[in-house]
Amino acid sequence: MAQIGKLLLLPGDGIGPEVMAQVRRLIDWLATHRDVQFAIEEGLIGGSAYDDCGAPLSDATMASAMAADAVLLGAVGGPKWDALPFDKKPERGLLRIRKEMGLFANLRPAIVFDALADASSLKRDRVEGLDILIVRELTGGIYFGEPKGIEDIGGGQRRGVNTQVYTTEEIVRVGRVAFELAKKRGRRVCSVEKSNVMESGLLWREEITKLHGAEYADMELAHMYADNCAMQLVRAPKQFDVIVTDNLFGDMLSDEAAMLTGSLGMLPSASLGQADAGGRKALYEPVHGSAPDIAGQGIANPLATVLSFAMLLRYSFDRQAEADAIEAAVRDVLDGGMRTADILQPGMAKVSTSVMGDALLRALDKGIA
Ligand code: IPM
Ligand code: MG
């Protein structure tokens, strides 16, 4: 059997290892039933890496990530590591891997599954059939801008600084990803910034407008201030197709959009680098965090990580049929009434992480019968 590529699995902290274990079962299923096999490595990231080697991401694991065709990550963080200095915190491992792999485009779909439309905090008619894609810039902006830090300014006073900064190149390359994705969807892009207040936002608007005129004039482009976008997402979310925005606004708006779908436990994401002759670096992860409050209980929802794996098959390996099969299996188990605790609804069967995994495998088996 031929291997189709190198996969690095980084389960991380909290519920990360529990949900990743279910993806492992899908990987085995694909090898047996679809002749799709990967060379798999596993590594540590976040608090578990810190406990192991004193840093949230070791150089060796970083090197494995650079050598992999795709990385699948669980989640990082937890109260155990909250008091660590900034450069040791679990989140630093995530930021380092994003930055060093050059993963500037973060794709965060917010899709409402029919079976879950009532789990949304909005009324069913507002969210039924919702399918929006947030493209978040991931390696620039205020997350990485210099100067930054906390300094003493005398008299018992301190000063904390972060810098929001974007260049033409950073804006254009993520804009291009958004337009290319919109081409295969509803052909509409909404660019989000605060150009009424911020120079970096004004530059963002001007560069996206220029890119649109030069390369994508046959598609629809709208601009929106970030605060208005936050409001429109809860007022009338279906007005959006693709939203493209900076690192910080994307962080916030994607959490908001996630909640529209009923559960953070359902949403996958992909972080992509520049496509070149050697392919494209990519990391896939659920949008949810490490959920330390329920870690170790076997009750976490594995579906966001499973759907992240489907995105990995689609974007990094062009395995559309296998990605379709996994997404269909997810819909099938939801239609069959299976629910982990986070998406439990009246009359539905509350199942554990591994029983959800069992159900997915049964649905996949059904599909090939
Ligand atoms: C996310 C998270 C991260 C971020 C944290 C964990 C560093 O909130 O992926 O959205 O802020 O980017
Ligand atoms: Mg976030």
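Higher on the page you've got the structure.
Residues numbered from 1 in each chain as written. Chains lettered and ligands numbered in written order. Predicted model: local features only at pLDDT ≥ 70, side-chain atom pairs only at ≥ 80, totals over all residues. Heavy atoms only, no water.

### Topic: the site of ligand 1
The condition is simple: Being near a molecule or strand, for a residue, means having at least one of its heavy atoms within 4 Å of it. For the purposes of these results, a polar contact is taken to be a pair of N or O atoms within 3.5 Å, where, inside protein, one atom must be able to donate a hydrogen and its partner to accept one; residues adjacent in sequence count only when each atom of the pair is a side-chain atom. For every accessible area listed, the method is Shrake-Rupley and the probe measures 1.4 Å; residues are considered covered only by the protein chains on display. Points on a 1 Å grid, built from protein atoms alone, make a cavity when a 1.4 Å probe fits but cannot get out and make a pocket when they are open with protein on both sides within 12 Å along at least 5 of 7 lines; residues with an atom within 4 Å of a point are the lining residues. Each molecule is checked against the cavity or pocket grid, and it sits inside if more than half of its atoms lie within 2 Å of the grid points. Basically, the charged four are Asp, Glu, Lys and Arg, the nonpolar ten are Ala, Val, Leu, Ile, Met, Phe, Trp, Tyr, Cys and Pro, and anything else, Gly included, counts as polar.
The immediate surroundings of ligand 1 are formed by Glu91, Arg98, Arg108, Arg136, Tyr143 and Asp251. One of the side-chain nitrogen or oxygen atoms of Arg98 is found 2.7 Å away from an oxygen atom of ligand 1. One of the side-chain N or O atoms of Asp251 is found 2.8 Å from an oxygen atom in ligand 1. For ligand 1, the protein covers 74% of the area, taking 320 Å² as the surface of the free molecule. In this structure, ligand 1 is accommodated by the largest pocket. Its residues placed into classes, the shell around ligand 1 shows one nonpolar, no polar and five charged.

### Looking at the packing of aromatic side chains
Note the threshold: Pairing of aromatic side chains requires ring centres within 6.5 Å, counting the rings of Phe and Tyr and the six-membered ring of Trp. Pairs whose planes differ by under 30 degrees are stacked, by over 60 edge-to-face, and all others tilted. The numbering of helices and of strands both runs from the N terminus, where a helix is a DSSP run of H or I of at least 4 residues and a strand a run of E of at least 2.
The final tally for this structure, using the stated rule, is four aromatic pairs. Measuring from ring centre to ring centre gives 6.4 Å for Phe38 and Phe309, while their planes differ by 70°; the resulting arrangement is edge-to-face. Taken as a pair, Phe38 in strand β2 (residues 37–42) and Phe309 in helix α10 (residues 303–317) lie far apart in primary sequence, 271 residues in all. On the basis of an interplanar angle of 65° and a centroid distance of 5.0 Å, the ring pair of Phe38 and Phe317 is categorised as edge-to-face.

### Some thoughts on the pattern of salt bridges
Our working rule: In the sections that follow, a salt bridge refers to a side-chain nitrogen of Lys or Arg positioned within 4 Å of a carboxyl oxygen of Asp or Glu.
Within the structure shown, the criterion is met by 23 salt bridges. In this structure, Glu100 and Arg96 form a salt bridge, with 2.8 Å as the shortest nitrogen-oxygen distance. Residue Glu100 and its partner Arg96 are both found in helix α4 (residues 90–100); the two are separated by four residues, about one turn of the helix. Where salt bridges share partners, they join Asp59, Arg96 and Glu100 into one cluster.

### Topic: the sheet that holds strand β3 (residues 70–75)
The condition that has to hold: At least two bridges found by DSSP between two strands are what make those strands a pair. Fitted lines through C-alpha atoms serve as axes, helices being fitted only where they are in contact, and the angles separating the N-to-C directions of these axes extend from 0 to 180 degrees.
As summarised here, the arrangement of the ten strands in space is β2-β1-β3-β12-β11-β4-β5-β10-β8-β9, forming an open sheet in which the pairing is mixed. A single partner strand is all that each edge strand has here, and the edge strands are β2 and β9 (220–225). Taking each pair of neighbouring strands and ignoring which way they run, the sheet shows an average axis angle of 25°. Pairing between strand β11 (residues 268–272) and strand β12 (residues 282–286): five bridges, direction antiparallel. Paired with Pro268 across the bridge in β12 is Pro286.

Such coordinate-based values are descriptive only and should not be taken to indicate function.
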